[in-house]
Amino acid sequence: MRLKRKHVERIAQSLDEDLHVVDIHVGTHLNVTLEYKGKYFNSIFPSTPSDHRWLANKKSELRRHLRAL
């Protein structure tokens, strides 16, 4: 399965309604620019996730980042 913008947007919205996808640069990975309450940051997503564990790991990583903001 190839990860698409709508998938990244759903992941962001499931974490916090104030977290928004601003831009996505597609390459071997997706370089995603996110905005959270006026602050911007980047996160790397795999373009073709290998298994379902990456989703739990990515959500944990993003939660830690949001708490640090």
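These figures come from a predicted structure and were not determined experimentally.

Caption draft 1: Spotlight on the pairing of strand S2 (residues 29-36). Most of S2 is tucked away: 6 of the 8 residues are buried. Bridge count between strand S1 (residues 19-26) and S2: 7 bridges; the pairing is antiparallel. Within the sheet, the bridge partner assigned to Val21 lies in S2 and is Leu34. The antiparallel hairpin formed by S1 and S2 contains 2 residues in its connecting segment.

Caption draft 2: Structural view of the nonpolar core. Within the largest apolar cluster, 17 residues are counted, with the highest numbers of intra-cluster contacts made by Val8, Leu19, Val32, Leu34 and Phe45. Contributions of two or more residues to this core are made by helix H1 (5-15), S1, S2, strand S3 (39-46) and helix H2 (53-68). Excluding residues within four positions of it along the chain, Leu19 makes contact with Ala12, Gln13, Leu34, Glu35, Tyr36, Phe41 and Leu66.

Caption draft 3: Spatial organisation of the pattern of salt bridges. Counting across every chain of the model gives 2 salt bridges. For Glu9, the salt bridge is made with Arg5, and the minimal N-O distance between the two is 2.8 Å. A residue pair is termed a helical-turn pair when its members lie 3 or 4 positions apart in one helix, as Glu9 and Arg5 do in helix H1 at 4 residues. Judged by its relative accessible area of 31%, Glu9 is partly exposed.

The rules we used
Residues numbered from 1 in each chain as written. Predicted model: local features only at pLDDT ≥ 70, side-chain atom pairs only at ≥ 80, totals over all residues. Heavy atoms only, no water. Buried < 20%, exposed > 50% of the residue type's maximum accessible area, 1.4 Å probe, protein only. Helix = DSSP H or I, 4+ residues; strand = E, 2+ residues; numbered from the N terminus. Pairing = 2+ DSSP bridges. Core = buried A, V, L, I, M, F, W, Y, C linked by side-chain atoms within 4.5 Å. Contact = heavy atoms within 4.5 Å. Salt bridge = Lys/Arg side-chain N within 4 Å of Asp/Glu carboxyl O.

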